[in-house]
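Summary of structural features
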Amino acid sequence: MNARPQQDEAEIFDDARRMTNPAERAAFLDRACHGDPALRERIAQLLNFEPQAQEFFDGVVENISAANLAEISAAEAPGVDEQIGTVIGRYKLLEKIGEGGCGVVYMAEQQKPVRRRVALKIIKLGMDTKSVVARFEAERQALAMMDHPNIARALDAGATETGRPYFVMELVRGFKITEYCDQNNLPMAQRLNLFIQVCHAIQHAHQKGVIHRDIKPSNILVTLHDGVPVPKVIDFGIAKAIEEPLTELTLFTAYAQLIGTPAYMSPEQAEMSGLDIDTRSDVYSLGVLLYELLTGKTPFDSQELIKSGVDHLRRTLREKEPAVPSMMVTTMQGNELLATAEHRRSEPVKLITALSGDLDWIVMKALDKDRQRRYQTANGLAFDVQRHLTNEPVLARPPGRFYRLQKLVRRNKIIFAAGTAVALALVVGLGISTVMFFREREARKIADDAKQREIQLREAAERGRQNEMLLRQEAESREKIVQAAVLLRNNRYEEADRLVAALPPNQENLAGAFVFRTLGEWHALRGEWQPAAERFAVLLRINQPDEMYSSSMDFSMQAPVLVQLDKLADYEQLRREMMRRFADVSDPQVAERVLKNSLLVPASGEAVKTLQPIASYISVYVQGMSTAYPDKTTAWQLSALGLYYFRQGNFAEAADDCRKCLRYVGPEGPDSPRLAAANVILAMCEFNLGHREPALEKLAAGKSLIEQKFQDGLKRGNGFAGYWFDWLLARVLSQEAEAMKMQKAP
Amino acid sequence: MPDHDLTLLLQSLGKDDGQASSELLPLVYEELRRLAGARMRQEMAGHTLQPTALVHEAWMRMVGESDRTWKNRAHFFAAAAECMRRILIESARRKSRLKRGGGQAKLNIDDLELAAASPDDKILLIDEAIGRLEKDDPEKARVVVMKFFGGMTNQEIGEHLGVTERTVERHWAYARACLFQIIRTEI
């Protein structure tokens, strides 16, 4: 190694390079590098390079051509396709089964852990493979949660040896949904039924917090299961992972091949504002799909959109109203119209009539530029299509009297026909002959019945509408929960909180649990106990049917928060619920949590009795362990037991357990809520035993830990070092001890 | 729109030793590429632009005026410099590969050619030399990346590395000469 540190070398170099006089510089170097000829030689050499170096570096970065930079994410120089038989990761390529805008799809064989055939898609474009894969990984958990017969499972992602990203998914062999429909000349109703299934699949994904972002016919394949066509949505997770190229840049340079068809893009996606995509973008794309299934065309022509350039494309999607489906078909050339009708086993006029009305309304509602006015969920869209199929009023259409009546007539053609005939007969009958009297009376009876029936039907329709309103409200709430979950995954707490704060309290789904738990904790960490308690209350309601391990955690969050807020009645209720639910618990950690959280305030003898089984369960557990040298779990158990005996009035026993607990200091150090709580409980025991001095000492020890913690700001924590609610529990108890100190003052 | 998440992220980097966190890089990287593309459209292909100006613009767009914390700014710029390095290398590689007809033709440039090397070739050479310097003297290599690719001022680099401006200037001059020497004699 050099005798001198580098710092000096740089210093000497810098000083020397500022000297213009060679002789002076030489003298300086002699002096500075005295006794180190190698150093002198090195620096002299560097000084030789110095002027050239400066020149070499100058202006390199300052003048990169714009075109050069723009090429960065443009397509990679056309690479060679992966050969059949190549092994990529755990997959062996068997056969090329497709080639799309952004990649090549192979059928591949997975060798481990199970042998199966999968679809492997290698992305063509030159993009940052690492972040593509990272984005996929980020989405992976959500993708794994999707389990739906109409969704092809996303399995894996990685990078090929040449550095291109690839995705692995369930292998689906089938036709594009539009092709399948046309090849088989599916009539309208069957097309709509397929479409409804697609909507349900998308809805399922939305409920898991996954947005597809690239719904188009080539991503919906129809396969036959025992002769029954089943649509499968593929490519979930990919659009998001390769979202990067959907930037202004690539839209400009390579967007045609990349997106394949911008016709399916929602206006907000075309805006490229990046973050602002939600489930309603998928609803828009579903609307385009429905449009194409109905008319054979997309609302805007793909080729024209591409040709028009980015700005024009955006303006079109943002401002131009597409022709309604029936109009689109009406304006077709004769031959085209005939073909379109034939593909639907229909005739031109019938086709146009079938489209105009409900289907026009439904499609246009899904395609609304303003996503607020679209169907808020994929299910909402599916419901409406279903209603159309069963001749019920669709939501898309503003309810007018005539329209509802029309629907009623269509559903009850026979009854109405009778009614009308009778009315006619009445007019005629009254005027012409008394002979008709009896007939008339009979007729009136029938007419009355018909009228009665009509009223009933109308009421039913009205009830139906109210039901629909309710369903719609529910769907909207669910939608908001999903949105909130997505926001939370991006750490946008305020927005998520605002979104759910206004919701009616009936959000019983798992996404809801995640949302309300996260928001409750978020408030708690900011010391906002009141809103925290509100979120946790909803959370516990959501959890009600579900007695999972984690729900004892949820109780542990709410319990100290309620005591902190002095909401003792609510706490009492929570405690009962907790004791009821966990009466026969067999997990030591859950038992410990339940025991201590049930005893945050003095309890009745009865309540203490109820807890007896849990306490003895814990004490058996503790006895099995070495209490002389407790481990972490035992230490927690001891603190809970200490609290139990204290509430029982068995102070000596309680103090003994607390002392044992305090003997164990975990690797996390003395800064532990367990130690804080044990100190506080011990202090309360000592007060009651009349040992004021040690009591004050323990209380001070516990309090200083607690105060420090709250002063530094609570962190969420973990099971190892304790959670925030463990600290809150300690604090709640310390407040009780503090009061005791006053009461028991000498 | 200032991005508060980003500010939070920057703050959370805290006592980071200057290596931009793995979370920050992709964000900045994406923004830079996006900006480059936007510029490309505005200014048309023949024009030139300054990557360092892009870095400043990215800062304004992603963090904005709201955050004037030196530390955050320095973290951001350090990350941006690393990103810009990757972007420029990526671009230069692609071009030189095209020119040389595919394959990762090894650059081999003798003295005569060196003076006339295109900016792309220079960037590739400099990057490779930095790679070697990183092994021997990582701190100076970092100064080069921040200054050369990130367009950071000596003051900003000094803040970030916790050294004086004068030291930054020295490191830069010294490292530049070292890099050139590496290019001349080793590559």
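Residues numbered from 1 in each chain as written. Chains lettered and ligands numbered in written order. Predicted model: local features only at pLDDT ≥ 70, side-chain atom pairs only at ≥ 80, totals over all residues.

**Points about the overall build of chain B**
- Counting secondary structure elements, chain B contains 9 helices and 1 strand.
- Put simply, chain B runs from its N terminus to its C terminus through helices and strands in the order α-α-β-α-α-α-α-α-α-α.
- Burial status across chain B gives 43% buried among its 187 residues.
- Contacts in chain B between residues at least 24 apart in sequence constitute 73% of all its contacts with a sequence separation of at least 6. (Helix = DSSP H or I, 4+ residues; strand = E, 2+ residues; numbered from the N terminus. Buried ≥ 20, exposed ≤ 12 C-beta atoms within 10 Å, placed from the backbone. Contact = placed C-beta atoms within 7 Å.)

**Some points on the overall build of chain A**
- When you go through chain A residue by residue, the secondary structure sums to 34 helices and 12 strands.
- Within chain A, buried positions represent 43% of all 746 residues.
- In chain A, the share of contacts with a sequence separation of at least 24, taken over all contacts with a separation of at least 6, comes to 64%.

**Comments concerning the confidence of the model for chain B**
Residue and element names in this part refer to chain B.
- Per-residue confidence for chain B gives a mean pLDDT of 70, with 51% of residues at or over 70.
- Long-range and interchain partners of residues 14-20, a stretch whose pLDDT sits below 50, account for 11 contacts in this model, where long-range means more than four residues apart.
- Note on residues 101-107: pLDDT under 50 across the span, and 8 contacts to partners over four residues away in sequence or across chains.
- Across the whole predicted complex the pTM is 0.42, and at the interface the ipTM reaches 0.78. (pLDDT = per-residue confidence, 0-100.)

**Let's talk about helix H30 (residues 632-648) of chain A**
Residues and elements named next belong to chain A.
- An ideal rise of 1.5 Å per residue puts 24 Å on 17 residues; H30 measures up with 25 Å between its terminal C-alpha atoms.
- With respect to burial, H30 is a largely interior element, 14 of its 17 residues being buried.
- Just past H30, the residue Gly649 takes up positive phi, approximately 95°. (Expected span 1.5 Å × (residues − 1).)

**Regarding the pairing of strand S4 (residues 103-110) of chain A**
Residue and element names in this part refer to chain A.
- As judged from the 7 bridges shared by strand S3 (residues 91-99) and S4, these two strands associate in the antiparallel manner. Each bridged residue has a counterpart across the sheet, and for Gly98 the counterpart in S4 is Val105.
- The pairing of S4 with strand S5 (residues 116-123) spans 8 bridges and is classified as antiparallel. Considered in S5, the bridge of Val104 is made with Ile122. (Pairing = 2+ DSSP bridges.)

**Describing the confidence of the model for chain A**
Residue and element names in this part refer to chain A.
- Summarising the model, chain A shows a mean pLDDT of 78, and 75% of its residues fall at 70 or more.
- Counting interchain partners and residues more than four positions distant, the pLDDT-below-50 stretch residues 72-80 has 24 contacts.
- A low-confidence stretch, residues 244-260 (pLDDT under 50), is modelled with 51 contacts involving residues beyond four sequence positions or located in other chains.

**What to know about unusual backbone geometry**
Residues and elements named next belong to chain A.
- Positive phi is not limited to glycine here, since Asn185 has a value of about 45°.
- You can see Asn185 is positioned in the loop between helix H6 (177-183) and helix H7 (188-207).
- Among the residues examined, Asn185 registers 12 C-beta atoms within 10 Å and is labelled exposed.
- Even without being a glycine, Arg345 presents a positive backbone phi close to 50°.

**Here's the deal with the sheet that holds S3(A)**
- Within the open sheet, the 6 strands sit side by side as S2-S3-S4-S5-S7-S6 (chain A). Their pairing is antiparallel. Across the chains shown, the open sheet's two edge strands, defined by having one partner strand only, are strand S2 (87-88) and strand S6 (154-159) of chain A.

**Considerations on the pairing of strand S10 (residues 228-233) of chain A**
All names here are of chain A.
- Where strand S9 (residues 220-225) lies against S10, 6 bridges are found, and the strand directions are antiparallel. In the sheet register, Ile220 faces S10, and the bridge partner there is Val233.
- Between S9 and S10, which pair antiparallel in sequence order, lie 2 residues; one of them, Asp226, sits at a positive phi of approximately 50°.

**Structural notes on the nonpolar core**
Residue and element names in this part refer to chain A.
- Leu120, Phe195, Leu286 and Ala366 are the most contacted members of the largest nonpolar core, which has 89 residues in total.
- Here the element with the most residues in this core is H7; it accounts for 10 residues.
- Sequence-distant contacts of Leu286, defined by excluding residues within four places in its chain, comprise Val198, Cys199, Ile202, Ile215, Ala366, Ala378 and Leu381.
- With 80 residues, the next largest nonpolar core counts Ala559, Cys658, Tyr723 and Ala737 among its residues. (Core = buried A, V, L, I, M, F, W, Y, C linked by C-beta atoms within 7 Å.)

**Quick word on the sheet that holds strand S8 (residues 175-176) of chain A**
Residue and element names in this part refer to chain A.
- Taken together, the 3 strands give an open sheet; going across it, the order is S8-S9-S10, and neighbouring strands pair in antiparallel fashion. Sheet topology places S8 and S10 at the edges, where each strand pairs with a single neighbour.
- The pairing of S8 with S9 spans 2 bridges and is classified as antiparallel. Directly across from Lys176, in S9, lies its bridge partner Leu221.

**Some points on the packing of helix H7 (residues 138-149) of chain B against helix H9 (residues 165-185) of chain B**
Residues and elements named next belong to chain B.
- Closest axis-to-axis distance for the H7/H9 pair is 9 Å, and the angle between their directions is 95°. If you check the angle between H7 and H9, you find them roughly perpendicular. For the pair H7 and H9, the contacting residues are Lys140, Ala141, Val143, Val144 and Lys147 in the first and Val168, His171, Trp172, Tyr174, Ala175 and Leu179 in the second.
- For the contact of H7 with H9, the per-class residue count stands at 8 nonpolar, 1 polar and 2 charged. (Axes fitted to C-alpha atoms, helices over the stretch in contact; angles between N-to-C directions. Parallel < 35°, antiparallel > 145°, perpendicular 65-115°, else oblique. Nonpolar A, V, L, I, M, F, W, Y, C, P; charged D, E, K, R; others polar.)

**A closer look at the environment of A:Gly722**
Residues and elements named next belong to chain A.
- Assignment of secondary structure puts Gly722 in strand S12 (residues 722-723).
- Residues Gly722 and Trp636, 86 residues apart in the sequence, show an inter-C-alpha distance of 9.9 Å.
- Once residues lying within four places of it in the same chain are set aside, the contact partners of Gly722 are Ser672, Pro673, Arg674, Gly717 and Trp727.

**Some thoughts on the environment of A:Asp587**
Residue and element names in this part refer to chain A.
- If you trace the backbone, Asp587 turns up in the loop between helix H26 (568-581) and helix H27 (588-597).
- Look at Asp587 and you get partly exposed, because 13 C-beta atoms sit within 10 Å.
- C-alpha of Asp587 to C-alpha of Ile618: the two residues are 31 residues apart in sequence and 9.4 Å apart in space.

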